[in-house]
Amino acid sequence: MCATCGCDSETKVSIHRTNQHNPLSLENITFTPIEAKPTTLPNGRKQLDLEQDILLKNNLLAERNRGYFMAKNVVAFNLVSSPGSGKTSLLEKTLLDLKEQENFFVIEGDQQTSNDADRIAATQVPVVQINTGKGCHLDSSMIWEAIQQLKPIENSILFIENIGNLVCPAMFDLGEQKRVLIISVTEGDDKPLKYPDMFQSSQLCVINKIDLLPYVKFDLENVKKYARIINPSIQFIELSCTSGEGISTWYEWLKKEVVEQTPIAV
Amino acid sequence: MHELSIVMSIVETAEEKVKENHAHSVEEIDLVIGDLAGIDSEALDFAWDSAVKNTVLQKAKRNIIHVPAKAKCLECDCEFEIKDQFDACPLCGEPLLQIIQGKELQIKSMIIN
């Protein structure tokens with residue numbers, strides 16, 4: 001069944017390296033959390049007191065991904081935004097400008113097509129495309145499968161470009177170290193109030209397309225004020241992928257994160 | 001609409017538990033859903049009806065225990081109920097809150113037969 005409308009579409013999640021068409025089926029990984037013994041009720045019925053988090057499997061597998069990243073010293077960023085905010089453009093620019101200095105790997109999430117992965121592949125950075133079919137978010141099992149194919153090397157940076165959607169991806173931990181939310185000035189400056197979960201769960205908010213500020217009704221101070229109401233510790237970087245303004249602040253932030261996430265050698 | 005993924009996770013857990021206990025189906029299931037858990041009740045109802053078809057949950061009675069959202073003001077430490085994440089502290093008016101309740105999303109219990 002599809003994860004959007006419940007139709008019986010056979011569209012399955014497919015994960016493949018660009019130019020390689022060998023989609024994997026998602027393996028079922030089972031966890032058996034400790035729980036209370038069932039209470040026997042009349043007529044052979046039983047009551048199970050589970051107290052189990054519905055997202056338990058996703059969260060456990062996310063922790064497993066996080067452990068894998070930490071062990072290999074891979075710094076993973078989950079890029080989230082509405083459709084069209086410029087996630088792929090920001091990625092492309094970052095990869096082209098920094099690929100001589102850092103080792104990058106990319107997981108691209110889209111419902112359909114490998115258009116974005118093809119754009120990333122053109123930068124010569126290894127990329128895996130996840131097509132969720134009808135699904136509206138990536139989850140930790142998709143990332144687990146994708147990293148089996150991508151095999152990020154030690155001391156690298158992994159960008160995970162989530163599905164363009166400010167609602168559903170907020171609930172699904174992928175095992176990333178930092179969640180980076182990208183909004184553009186062509187959107188409403190009240191986005192933080194409309195989509196509080198995403199603003200609350202992100203550590204950095206990149207405000208993109210600032211070269212268009214003179215032409216649109218978007219108040220930078222308003223968006224920051226609203227976002228800080230939801231998440232007082234959220235950081236901001238204003239930039240334009242087109243003009244390049246502010247992009248060096250983003251690179252500095254990235255480099256600082258990489259240094260901070262690097263475990264101290266014993 | 002992530003509610004369907006949520007219902008499908010519930011179905012998966014229910015199928016596992018029924019199998020483990022050599023039972024046939026779920027008679028009743030109690031879910032705990034916080035008001036800030038990001039679940040839309042109408043979307044959940046819609047998803048539920050389609051996702052439980054031909055599963056152990058098809059005939060289950062579903063009880064939802066709603067948990068009101070509560071926050072603690074980071075300025076004056078007072079605790080109060082909130083409706084939205086951007087509500088201000090009713091005492092000092094500061095908007096800086098720590099959410100302490102209302103994000104719950106749990107299968108509390110189920111009765112199987």
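Residues numbered from 1 in each chain as written. Chains lettered and ligands numbered in written order. Predicted model: local features only at pLDDT ≥ 70, side-chain atom pairs only at ≥ 80, totals over all residues. Heavy atoms only, no water.

**A few points about the overall build of chain A**
Counting secondary structure elements, chain A contains eight helices and 10 strands. Looking at chain A as a whole, 52% of its 266 residues are labelled buried. Within chain A, contacts between residues separated by at least 24 positions form 73% of all contacts whose residues are at least 6 apart in sequence. Of the roughly 12100 Å² of accessible surface on chain A, a fraction of 51% belongs to carbon and sulfur atoms. (Helix = DSSP H or I, 4+ residues; strand = E, 2+ residues; numbered from the N terminus. Buried < 20%, exposed > 50% of the residue type's maximum accessible area, 1.4 Å probe, protein only. Contact = heavy atoms within 4.5 Å. Areas by Shrake-Rupley, 256 points an atom, 1.4 Å probe, with all protein chains shown as cover.)

**Structural notes on the overall build of chain B**
A count of helices and strands for chain B gives two helices and six strands. Mapped in sequence order, the helices and strands of chain B form the string α-β-α-β-β-β-β-β. For chain B, the C-alpha radius of gyration of 18 Å lies well beyond 13 Å, the compact-globule estimate for 113 residues. Seen through its principal axes, chain B has C-alpha atoms that stretch 55 × 25 × 15 Å. A burial count over chain B gives 47% of its 113 residues as buried. (Rg over C-alpha atoms; globule rule 2.2 N^0.38 Å.)

**With respect to the pattern of salt bridges**
If you walk through the whole model with that rule in mind, you get 17 salt bridges over all chains. Glu-176 of chain A is the partner of Arg-179 of chain A in a salt bridge, and the nearest nitrogen-oxygen pair spans 2.9 Å. We classify Glu-176 of chain A as buried; its relative accessible area is 6%. With a closest N to O distance of 3.5 Å, Glu-260 of chain A and Lys-256 of chain A form a salt bridge. Placement of both Glu-260 of chain A and Lys-256 of chain A in helix 8 (residues 247-261) is noted, with a separation of four residues, approximately one turn of the helix. What makes Lys-256 of chain A partly exposed here is its relative accessible area of 47%. Among the charged side chains, a salt-bridge network with shared partners connects Lys-57 of chain A together with Glu-12 and Glu-16 of chain B. (Salt bridge = Lys/Arg side-chain N within 4 Å of Asp/Glu carboxyl O.)

**A short note on the interface of chain B and chain A**
Quoted interface sizes are often the accessible area lost when the parts come together. Residue-level contacts link 37 residues of chain B with 36 residues of chain A. In this assembly, chain B packs against chain A so that about 3200 Å² is buried in total across both faces, 58% of it on carbon and sulfur atoms. Broken down residue by residue, the surface that chain B buries against chain A is led by His-2, Gln-85 and Phe-86 of chain B, which jointly contribute 17%. Where chain B meets chain A, there are four salt bridges. The shortest N-O distance in the salt bridge between Arg-45 of chain A and Glu-27 of chain B comes to 2.8 Å. The tally of links between chain B and chain A comes to 14 residue pairs in polar contact (both at pLDDT 80 or more). Counting residues per element, the ones that place at least two in the side of chain B that touches chain A are helix 1 (3-20), helix 2 (41-51) and strand 6 (105-112) of chain B. (Buried area = accessible area lost by both parts, 1.4 Å probe. Polar contact = N/O pair within 3.5 Å; in protein donor to acceptor, adjacent residues only side chain to side chain.)

**Details of the pairing of strand 3 (residues 46-53) of chain A**
Residues and elements named next belong to chain A. Two strands pair when backbone bridges link them, and strand 2 (residues 39-40) and strand 3 are joined in this way by two bridges, in the antiparallel orientation. Within the sheet, the bridge partner assigned to Thr-39 lies in strand 3 and is Gln-47. In sequence, strand 2 turns back onto strand 3 through a hairpin of five residues, with Asn-43 there showing a positive phi of about 60°. (Pairing = 2+ DSSP bridges.)

On their own, these measurements won't tell you what the molecule is for.
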